[in-house]
Amino acid sequence: MEIKKVMVIGAGQMGSGIAQVCAQAGFEVILNDMKQAFYERGIGVITKNLTRDVEKGRKTAEQKEAILGRITMSVDLNDAKDVDIIIEAAVENMEIKQTIFKQLDEIAPSHAILATNTSSLPITEIAAVTKRPAQVIGMHYMNPVPVMKLVEIIRGLATSDEVYQAVENMTYQLDKTPVEVNDFPGFISNRILMPMINEAVYALYEGVASKEAIDDVMKMGMNHPMGPLTLADFIGLDTCLYIMEVLHDGLGDSKYRPCPLLRKYVAAGWLGKKSGRGFYEYE
């Protein structure tokens, strides 16, 4: 199964990053979003990233233009009719993802692989709404996509070996490192990361230490590049809460119960860096 043409659904932070690395690897890429303005914002981020690479001598101006030339705009899911793989990077919501996959199943050619960049939702449940569950797979990239090497590849219950192999081969072509993971809530990355962040929030909630102290202990004591509360702000506290709820609901263990302080901040609209305030304040 050879992959040549890729469609990425969602031109946000993750989708634009995925489109960039696919185009850099020589794939023809269709970048889809609901509105042209969303696409333009995404292609603007890609252009900025590539311009920085040129300025730092990592790419030539010609390479930058060639990469951008391999990306085309789409605001219509019907553009999926002649692609080999579709990588969905829409909002982390099961109902929305299932709606997209139902539509793609009707539009995409019979050989096409339907991949999702979900960070926590069950692949098997997404695949169940299609008539091709053997061709549905998780392809969870890390943020920022152009920089981070890891891709978690998650098999659904029905994912075929052929589809897994094709996606693994593509990941190597993207100069990424694939890691095979089975279909459990949160996979590996978020099953370990999010409870750590949640426990840091509990430590703050219970008055064990200040937010700065908690972050300093993990940075200087555990050699983490960023403290867990700062990291939560960068991820988005709403996203952290959502993934903790997926873990709690999916695994049924009280150790995944989201901290009440995390719920309070999200209810207040303190979502982290993107809203200007989370555990810290941002301009």
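Residues numbered from 1 in each chain as written. Predicted model: local features only at pLDDT ≥ 70, side-chain atom pairs only at ≥ 80, totals over all residues. Heavy atoms only, no water.

- An unreviewed UniProt entry annotates the chain as 3-hydroxybutyryl-CoA dehydrogenase of Lysinibacillus alkalisoli.
- Recorded under Sequence similarities (unreviewed entry), the UniProt text for the chain is reproduced unchanged: "Belongs to the 3-hydroxyacyl-CoA dehydrogenase family." (UniProt positions renumbered as here; feature names shortened; annotations may be inferred.)

1. Topic: helix α2 (residues 36-55)
Here comes step 1: When the terminal C-alpha atoms of α2 are compared, their 28 Å separation across 20 residues agrees well with the 28 Å that a helix rising 1.5 Å per residue should span.
Here comes step 2: When we look at burial in α2, the residues that qualify are Y39, G42, I43, I46, N49, L50 and D53. The buried residues of α2 occupy one face: seen down the axis, they fall within an arc of 115 degrees. Relative to its buried face, α2 has exposed residues pointing more than 90 degrees away, namely R41, K48 and E55. (Helix = DSSP H or I, 4+ residues; strand = E, 2+ residues; numbered from the N terminus. Expected span 1.5 Å × (residues − 1). Buried < 20%, exposed > 50% of the residue type's maximum accessible area, 1.4 Å probe, protein only. Arc of directions from axis to C-beta.)

2. Here we look at the UniProt feature "site: Important for catalytic activity" (unreviewed entry) in the chain
Here comes step 1: Summarizing the sequence annotation, UniProt attributes the feature "site: Important for catalytic activity" (unreviewed entry) to H140 in the numbering used throughout.
Here comes step 2: Within the fold, H140 resides in strand β6 (residues 136-141).
Here comes step 3: A polar contact of 2.8 Å, which involves the side chain of H140, links it to the side chain of E152. (Polar contact = N/O pair within 3.5 Å; in protein donor to acceptor, adjacent residues only side chain to side chain.)

3. Some remarks on the UniProt feature "domain: 3-hydroxyacyl-CoA dehydrogenase NAD binding" (unreviewed entry) in the chain
Here comes step 1: If you check UniProt for "domain: 3-hydroxyacyl-CoA dehydrogenase NAD binding" (unreviewed entry), the listed places come out as residues 5-183 in our numbering.
Here comes step 2: Along residues 5-183 one finds 41% helix and 22% strand; the C-alpha atoms at either end are 26 Å apart.

4. Quick word on the packing of helix α7 (residues 189-205) against helix α10 (residues 237-251)
Here comes step 1: For the pair α7 and α10, the least separation of the axes is 10 Å and the interaxial angle reads 115 degrees. Classified by the angle their axes make, α7 and α10 are roughly perpendicular. Along this stretch, α7 crosses α10, giving a crossing that reads as left-handed. Each of N190, R191, M194, P195, I197 and N198 in α7 lies in contact with α10, whose residues at this interface are C240, I243, M244, L247 and L251.
Here comes step 2: Residues that form the contact of α7 with α10 fall into these classes: eight nonpolar, two polar and one charged. (Axes fitted to C-alpha atoms, helices over the stretch in contact; angles between N-to-C directions. Parallel < 35°, antiparallel > 145°, perpendicular 65-115°, else oblique. Left-handed = near helix turned anticlockwise from the far one by under 90°. Contact = heavy atoms within 4.5 Å. Nonpolar A, V, L, I, M, F, W, Y, C, P; charged D, E, K, R; others polar.)

5. Side note on the pattern of salt bridges
Here comes step 1: Tallied over the full model, the rule gives 16 salt bridges.
Here comes step 2: With a shortest N-O distance of 2.7 Å, R155 and E180 are connected by a salt bridge. Of this pair, R155 sits in strand β7 (residues 150-155) while E180 sits in strand β8 (residues 177-182), placing them 25 residues apart in sequence.
Here comes step 3: By relative accessible area, which is 44% here, E180 ends up partly exposed.
Here comes step 4: Of the charged contacts in the structure, one is a salt bridge between E281 and R277, with a shortest N-O distance of 3.8 Å.
Here comes step 5: Since its relative accessible area comes to 33%, R277 is described here as partly exposed.
Here comes step 6: What you see here is one network of salt bridges that share partners, running through K5, E28 and D82. (Salt bridge = Lys/Arg side-chain N within 4 Å of Asp/Glu carboxyl O.)

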